Amino acid sequence: MSAPISAAYSYCEAVTGAQARNFAYGIRLLPVDKRQAMSALYAFSRRVDDIGDGTLIPEVKLARLEETRALLGRIRAEEVDEDDTDPVAVALAHAARRFPIPLEGLDELIDGVLMDVRGQEYETWDDLKVYCRCVAGAIGRLSLGVFGTAQGAHDAARAGEYADTLGLALQLTNILRDVREDAANGRTYLPAEDLAKFGCSEGFRSERMPAGSDFAGLVHHEVRRARALFVEGYRLLPLLDRRSGACVAAMAGIYRRLLDRIEREPEAVLRGRVSLPTHEKAYVAVRGLSGLDARTISRQSTRRRL
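Engineer: For helix H6 (residues 104-117), give the residues involved together with the corresponding values.
Structural biologist: The end-to-end C-alpha distance of H6 is 20 Å, a good match for the 20 Å that 14 residues give at a rise of 1.5 Å each. Burial runs high along H6: eleven of the 14 residues are buried. The complete set of buried residues in H6 reads Gly105, Leu106, Asp107, Leu109, Ile110, Gly112, Val113, Leu114, Met115, Asp116 and Val117. Turning to H6, the residues buried within the fold contact helix H3 (32-53), helix H4 (58-76), helix H5 (87-98) and helix H7 (125-147). Directly after H6, the chain includes Gly119, whose backbone phi takes a positive value near 70°.

Right, dumping it as structure tokens:
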């Protein structure tokens with residue numbers, strides 16, 4: 001590997017370590033080449049997210065997103081040289097030559113962030129699923145391009161579907177965790193029909209919900225939906241090699257434990273961001289590296305087939 005490419009990957013790994021602690025916990029379990037590729041994917045995705053979440057006026061955000069899409073087109077066309085001044089582009093271009101990464105997933109991510117910029121709202125879960133598939137399901141499919149499937153894995157043809165579904169589970173957990181933060185930014189992601197059903201249509205700008213609302217009921221409803229997605233998405237684990245499976249198990253395990261905390265104390269998300277302590281994240285990583293989650297899911301899948 002040349003010095004410019006090595007430096008580009010180092011930059012992406014620094015971005016990942018500084019801005020994505022849960023993600024970084026998972027990918028540290030990967031071999032070097034896969035960890036570098038995942039860092040490049042994260043750094044590009046972070047750039048897209050930062051445009052959407054930043055303070056620029058919508059017209060400028062739209063222009064920046066289209067510029068980023070044009071850069072993705074250059075990467076796809078192999079027009080980015082190793083001496084390019086953009087380290088993220090250099091790293092992602094190299095990663096795309098190393099692994100069969102479906103770069104169109106990053107176009108989907110840009111489409112999802114465009115929904116944010118345009119202030120799109122979601123009436124039903126089916127509507128919200130479209131957004132979640134863009135911003136998270138696509139990341140699952142991009143990651144699978146780096147991981148690949150284990151040789152001889154049963155049901156490998158459905159790996160992309162499971163990766164997509166696991167991405168939805170993670171995103172719905174994120175939405176529950178960030179309801180106050182998103183409300184402060186003028187965004188509400190939970191389906192309007194669910195909000196109305198539980199008397200929460202006024203939103204989440206305060207720690208106290210209006211009298212008569214059933215915020216806990218709303219959260220438990222969405223938690224059940226997320227758990228069903230986790231069950232389906234976890235069927236990906238037995239299809240991966242040991243270290244890729246450990247990476248996915250660690251990242252998904254952290255979010256599943258966040259979901260447990262949110263379920264136990266729904267109102268906590270109205271007071272601030274719910275997170276896991278470092279020692280608990282480390283435990284989840286060790287559990288993933290041991291293969292325990294993958295073996296459990298494999299046994300459950302076998303029982304279902306029988």
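Engineer: Got a sec to walk through the nonpolar core? Specific residues and values, please.
Structural biologist: Generally speaking, soluble globular proteins have nonpolar side chains that are buried together. Counting residues in hydrophobic clusters, the biggest one holds 98 residues, and the most contacted among them are Phe44, Ile75, Leu106, Leu190, Phe204 and Phe215. Residue contributions to this core peak at eleven residues, all from H7. Those residues in contact with Phe204 that lie beyond four places of it in its chain are Val179, Arg180, Ala183, Thr188, Leu190, Leu195, Met209, Phe215, Leu218 and Leu270.

Engineer: Could you give an account of H4, naming the residues involved and the relevant values?
Structural biologist: The end-to-end C-alpha distance of H4 is 27 Å, a good match for the 27 Å that 19 residues give at a rise of 1.5 Å each. Along H4, the positions that sit buried rather than exposed are Lys61, Leu65, Thr68, Leu71, Leu72 and Ile75. Each buried residue of H4 lies within a common arc of 115° when the element is viewed along its axis, so the set occupies one face. Looking at H4, the residues exposed on the side facing more than 90 degrees away from the buried face are Glu59 and Glu67. Tucked into the core, H4 has its buried residues touching H3, H5 and H6.

Engineer: So what's going on with the layout of surface pockets? Residues and values would help.
Structural biologist: Roughly 1,500 Å³ of internal volume is contained in the largest pocket. If you go around the largest pocket, you meet 49 residues; those closest to its centre are Arg46, Asp49, Asn174, Arg177 and Tyr255. Looking at the lining of the largest pocket, the elements that each hand over two or more residues are helix H1 (3-19), helix H2 (21-27), H3, H6, H7, helix H8 (159-177), helix H9 (179-184) and helix H12 (242-264).

Engineer: Please set out the pattern of salt bridges residue by residue, giving values where relevant.
Structural biologist: Considering all chains together, one arrives at 23 salt bridges under this definition. One salt bridge in this structure joins Arg35 and Glu13, with 3.0 Å as the shortest N-O distance. In this pair, Arg35 is assigned in helix H3 and Glu13 in helix H1, connecting sequence segments 22 residues apart. Residue classification places Arg35 among the partly exposed positions, given a relative accessible area of 23%. Where Arg271 meets Glu265, a salt bridge forms, and the shortest distance between an N and an O atom there is 2.4 Å. Arg271 gets classed as partly exposed once you look at its relative accessible area, which sits at 48%. Several salt bridges share partner residues, and in doing so they unite Glu66, Arg69, Arg76, Asp107 and Asp111 into one network.

Reading the values: rules and limits
Residues numbered from 1 in each chain as written. Predicted model: local features only at pLDDT ≥ 70, side-chain atom pairs only at ≥ 80, totals over all residues. Heavy atoms only, no water. Helix = DSSP H or I, 4+ residues; strand = E, 2+ residues; numbered from the N terminus. Expected span 1.5 Å × (residues − 1). Buried < 20%, exposed > 50% of the residue type's maximum accessible area, 1.4 Å probe, protein only. Contact = heavy atoms within 4.5 Å. Core = buried A, V, L, I, M, F, W, Y, C linked by side-chain atoms within 4.5 Å. Arc of directions from axis to C-beta. 1 Å grid on protein atoms, 1.4 Å probe; cavity = no way out; pocket = protein on both sides within 12 Å on 5 of 7 lines; lining within 4 Å. Points joined across faces, edges and corners; volume = space filled by probe spheres on them. Salt bridge = Lys/Arg side-chain N within 4 Å of Asp/Glu carboxyl O.

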